[in-house]
Amino acid sequence: MLQDYHVHALAHGEYEYTYDWLKKFLITARKRQIQELGFAEHDEFLSRIDTSILKRLQEEFPDITLRLGLEVDYIPGREDYIRQISQSYDFDYIIGSVHFIDGWGFDHPDLRHLFEEKDIDQVYSRYFELVQMAVKTGLFDIIGHLDLIKIWGHRPRRHNVLFYVESLLNSIKAAGMLIEINSAGLRKPVGEMYPQQEIIELMASKQIAVTLGSDAHHPRQVGEGLQEVRGVLINAGFTHRASLQQRQMEMLPL
Ligand SMILES: [Zn+2]
Ligand SMILES: [Zn+2]
């Protein structure tokens, strides 16, 4: 039972939220045996979501359970705004993601070169500190692409990555939150899923529940890499993944 909970029909704003466009995502989902599909636009495009289109698509694709999510940029100070936009639709889930470190959009190709000027361990430390802050807000159901900081292939030098994530995983577990296994990293320079296998294994030992997402920004990317994700999860000992409806969780077989 595959799911894809991280799909951006609007990508970075260049497409329109129309019936015909969204239908293309469902056609790919069906081909790749995705049984649960969640559209989760970036929060800046919130006003362009049209739930009537999702209702019509659900009628046309009864074999795929459609969900409505949102991917929210976590930036300290944004908490009230996030609380407010989370009420703007009947969201099934809210993904909290860190894309900015103190104003630096580190995952943007134009800003990638700034890694060269920084101490990579300090970057890792600050990045995971921000993710930890996102968890502590209690505003999110799912943490998106947990180790996105590795996107361009930069690795910490003084410590193994587990040093940076272990206490974060404990907080996520204590908060009852989920971690997304995101296949987009497989098509990025780093060439591996988010988070990496060692972290997935540590998550398994702590029994942290997961969702799966492709981070598709185009219909052809729906479900891409998720069979591979499922294989890694099963090898790590996972048997189930989470499903969310109106922010209520249930566990379904992988
Ligand atoms: Zn993201
Ligand atoms: Zn995304």
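What this report covers is the structure whose coordinates are included nearby.

## Examining the environment of Ser243
So, step 1. Mapped onto the elements, Ser243 comes out in strand β8 (residues 240-245).
So, step 2. Taking the C-alpha atoms as reference points, Ser243 and Val7, 236 residues apart in sequence, are found 15 Å from one another.
So, step 3. With near-sequence residues (within four places) excluded, Ser243 lies in contact with Gln3, Glu36, Glu250 and Leu252.

## Quick word on the nonpolar core
So, step 1. Core analysis: the largest hydrophobic core is formed by 59 residues, its most contacted members being Val7, Phe25, Ile95, Ile143 and Ile179.
So, step 2. Residue contacts for Ile179: discarding those within four places in its chain leaves Ile143, Leu146, Ile172, Met203, Ile208 and Val210.

## Some words on the packing of helix α4 (residues 120-137) against helix α5 (residues 161-175)
So, step 1. Where α4 meets α5, the axes come as close as 10 Å, and the angle between the chain directions of the two elements is 5°. As far as their axial angle goes, α5 and α4 are roughly parallel. Between α4, through Tyr124, Ser125, Phe128, Val131, Gln132 and Val135, and α5, the contact on the second element is made entirely by Tyr164, Val165, Leu168, Ser171, Ile172 and Ala175.

## Digging into helix α1 (residues 19-31)
So, step 1. Between the first and last C-alpha of α1 there are 19 Å, a value that for 13 residues agrees with the 18 Å anticipated at 1.5 Å per step.
So, step 2. Among the residues of α1, Leu22, Phe25, Leu26, Thr28 and Ala29 are the ones counted as buried. Taken down its axis, α1 places every buried residue within 160° of arc, on the same side. Pointing more than 90 degrees away from the buried face of α1 are the exposed residues Asp20, Ile27 and Lys31.
So, step 3. Considering only its buried residues, α1 is in contact with β1 (2-7), β2 (34-42) and α2 (51-60).
So, step 4. Residue Gln33 follows α1 closely and has a positive phi angle near 60°.

## Overview of the packing of α1 against α2
So, step 1. The interhelical angle for the contact between α1 and α2, taken along N-to-C directions, is 50°, at an axis separation of 10 Å. The angle between the axes of α1 and α2 places the two elements in the oblique class. Handedness of the crossing formed by α1 with α2: right-handed. Across from Tyr19, Leu22, Lys23 and Leu26 in α1, the residues of α2 making contact are Ile53, Arg56 and Leu57.

## Description of the sheet that holds strand β6 (residues 178-182)
So, step 1. Ordered in space as β1-β2-β3-β4-β5-β6-β7, the seven strands form an open sheet in which the pairing is parallel. Each edge of the sheet is formed by a strand with only one pairing partner; in this case those strands are β1 and β7 (210-213).
So, step 2. Relative to β7, β6 runs parallel, the two sharing four bridges. Bridge pairing links Asn182 to Gly213 in β7.

## Things to note about the pairing of β7
So, step 1. On β7, burial covers both faces: Val210 and Leu212 on one face and Thr211 and Gly213 on the other are all buried.
So, step 2. Handedness of the crossover joining β6 and β7 through helix α6 (residues 197-205): right-handed.

## Concerning α6
So, step 1. Every buried residue of α6 is listed here: Ile199, Ile200 and Met203. The buried side chains of α6 occupy one side of the element, clustering within an arc of 100° when seen end-on. Seen from the buried face of α6, the exposed residues on the opposite side, beyond 90 degrees, are Gln197 and Ser205.
So, step 2. Looking at the buried residues of α6, the elements they touch are α5, β6 and α7 (226-236).

Conventions we followed
Throughout, residues of each chain are indexed from 1 in the direction in which the sequence is written. Chain letters start at A and ligand numbers start at 1, both assigned in the order the entries are written. It should be noted that, the model being predicted, local features are given only for residues of pLDDT at least 70 and side-chain atom pairs only at 80 or more, the latter also being counted only at that level, while totals for whole chains, interfaces and linings use all residues. Secondary structure counts use DSSP, requiring at least four H or I residues in a row for a helix and at least two E residues in a row for a strand, with both numbered from the N terminus. A pair of residues counts as a contact when their C-beta atoms, built from backbone coordinates, are within 7 Å of each other. For our purposes the nonpolar core covers buried Ala, Val, Leu, Ile, Met, Phe, Trp, Tyr and Cys residues that link as a set through C-beta atoms within 7 Å. Counting other C-beta atoms within 10 Å of a residue's C-beta gives its exposure: the residue is buried at 20 or more, exposed at 12 or fewer, and partly exposed in between, where C-beta atoms are placed from the backbone. Every axis in this analysis is a line fitted to C-alpha atoms, fitted for helices over the stretch in contact. Angles between the N-to-C directions lie between 0 and 180 degrees. For classification purposes, an angle smaller than 35 degrees is called roughly parallel, one larger than 145 roughly antiparallel, one from 65 to 115 roughly perpendicular, and anything else oblique. Given the number of residues in a helix, its expected span is that number minus one, multiplied by 1.5 Å. Directions pointing from the helix axis toward each C-beta atom define the arc. Here is the rule for handedness: rotate from the far helix to the near one, and if that takes an anticlockwise turn smaller than a right angle the crossing is left-handed, while a clockwise turn gives right-handed. Strands are labelled as partners when DSSP assigns at least two bridges between them. Every crossover in which the path from the first strand over the helix to the second runs clockwise, viewed with the strands pointing away from the viewer, is termed right-handed.

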